[in-house]
Amino acid sequence: QVQLVESGGGLVQAGGSLRLSCAASGRTFSLYAMGWFRQAPGKEREFVAAINRSGDRTDYTDSVKGRFTISRDNAKNTVSLQMNSLKHEDTAVYYCAQGKFVLYWRDYVNQRAYEYWGQGTQVTVSS
């Protein structure tokens, strides 16, 4: 049973930065792609970013490209999301997720490609 715990959320002014972290249990962390999703009130959960097993390939939703950076440290079983130039519309609960084994990298934009989820951390960006 994999457990994921997010941290680093909080309240920040527009234009500011936050760094989210996700700590994963287990000894096979490096075998899995990891992703970040977010869900704003009244909206569906949406893909934010993904990173492959080795950390040398990433993907982002268009709205965060150039502002967010996903990274991982397999030695520490962590994945992070550096969030810069935050906007009010970034306000959401952010979830860390561990990917399933999929055939194509592009599959990781879909939440169905993830097997385990953290409980989320709130990010609030004041306008």
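Caption draft 1: Focus on the overall build of the chain. In terms of helices and strands, the chain carries zero helices and eleven strands. Reading the secondary structure of the chain in the N-to-C direction produces β-β-β-β-β-β-β-β-β-β-β. A globule of 127 residues ought to have a C-alpha radius of gyration of about 14 Å, and the chain, at 13 Å, matches this closely. Taking the principal axes of the C-alpha coordinates as reference, the chain spans close to 40 × 25 × 25 Å. Across the 127 residues that make up the chain, the buried fraction comes to 43%. In the chain, the share of contacts with a sequence separation of at least 24, taken over all contacts with a separation of at least 6, comes to 58%. Of note, the chain has its 15 positive side-chain charges centred 3 Å away from the centre of its 11 negative side-chain charges.

Caption draft 2: Broad picture of the nonpolar core. In terms of nonpolar packing, the biggest core is built from 27 residues, with W36, F68, V79, L81 and Y94 touching the most fellow members. Elements with a contribution of two residues or more to this core: β3 (18-24), β4 (34-39), β5 (46-51), β7 (68-73), β8 (78-83), β9 (92-99) and β11 (121-126). Tallying contributions element by element places β3 first for this core, with four residues. Residues within four places of L81 in sequence aside, it is in contact with L18, R19, L20, W36, V48, A49, F68, T69, I70 and Y94. In terms of nonpolar packing, the next biggest core, distinct from the first, is built from nine residues, F37, A50, Y108 and A113 among them.

Caption draft 3: Layout of the layout of surface pockets. In this structure, the largest pocket spans a volume of roughly 220 Å³. Forming the boundary of the largest pocket are 14 residues, of which N52, R53, V102, W105 and Y108 lie nearest the centre. Residue composition of the lining of the largest pocket, by class: nine nonpolar, two polar and three charged.

Caption draft 4: Region of interest: the pairing of β8. Examined bridge by bridge, β3 and β8 share six bridges and lie antiparallel to one another. Each residue of the ladder has a partner; that of L18, found in β8, is M83. With six bridges joining them, β7 and β8 adopt antiparallel strand pairing. Residue pairing in the sheet places T69 in a bridge with Q82 of β8.

Caption draft 5: Spatial organisation of the sheet that holds β3. A sheet is described by the order of its strands in space; here four strands give the open sequence β1-β3-β8-β7, paired in antiparallel fashion. Either end of the sheet is taken by a strand with one partner, and the two such strands are β1 (4-7) and β7. This sheet shows a mean twist of 15 degrees between the axes of neighbouring strands, independent of strand direction.

Caption draft 6: Quick peek at the packing of aromatic side chains. This model, assessed by the stated rule, comprises seven aromatic pairs. Relative to Y114, the ring of F37 lies with its centre 5.0 Å away and its plane at 80 degrees, an arrangement referred to as edge-to-face. In this pair, F37 is assigned in strand β4 and Y114 in strand β10 (residues 114-117), connecting sequence segments 77 residues apart. Ring pairs connect the aromatic residues F37, F47, W105, Y108, Y114 and W117, which therefore count as one cluster.

Caption draft 7: Quick peek at the environment of A75. Position of A75 relative to the elements: it lies in the loop between β7 and β8. Separated by 22 residues in sequence, A75 and A97 have C-alpha atoms that sit 18 Å apart.

Reading guide: rules and limits
For every chain, the first residue of its written sequence is number 1, and the numbers climb from 1 along that sequence. Reporting of local features is limited, given that this is a predicted model, to residues whose pLDDT is at least 70; pairs of side-chain atoms are given and counted only at 80 or more, and all residues count toward the totals for whole chains, interfaces and linings. Derived side-chain values reflect all non-hydrogen atoms in the structure, with water molecules and hydrogen atoms excluded from consideration. Each helix is a run of H or I in the DSSP string that is no shorter than four residues. Each strand is a run of E no shorter than two, and both are numbered from the N terminus. Radius of gyration: over C-alpha atoms. The globule rule applied is 2.2 Å multiplied by the number of residues raised to the 0.38 power. Relative accessibility decides the category of a residue: with a 1.4 Å probe and only protein chains considered, values under 20% of the type maximum give buried, values over 50% give exposed, and everything between is partly exposed. Residue contacts are counted whenever heavy atoms from the two residues lie within 4.5 Å of one another. The convention is simple: Lys and Arg are positive, Asp and Glu are negative, and His and the chain ends are not counted. Every charge is mapped onto a representative atom, which is NZ of Lys, CZ of Arg, CG of Asp or CD of Glu. In plain words, nonpolar cores are sets of buried Ala, Val, Leu, Ile, Met, Phe, Trp, Tyr and Cys residues tied together by side-chain atoms within 4.5 Å. Lining residues are those with an atom within 4 Å of a point, where the points come from a 1 Å grid over the protein atoms alone and group into cavities, where a 1.4 Å probe fits but cannot get out, or pockets, open sets with protein on both sides within 12 Å along at least five of seven lines. Grid points are joined across faces, edges and corners, and a volume is the space filled by probe spheres set on the points. Note on residue categories: nonpolar means Ala, Val, Leu, Ile, Met, Phe, Trp, Tyr, Cys or Pro, charged means Asp, Glu, Lys or Arg, and polar means any other residue, Gly included. At least two DSSP bridges between two strands are needed for those strands to be called paired. In this analysis, axes come from line fits to C-alpha atoms, helices being fitted only over the stretch in contact, and the angle between any two N-to-C directions falls in the range 0 to 180 degrees. Pairing of aromatic rings covers Phe, Tyr and Trp, the last through its six-membered ring, and needs centres within 6.5 Å; plane angles under 30 degrees mean stacked, over 60 mean edge-to-face, and all others mean tilted.

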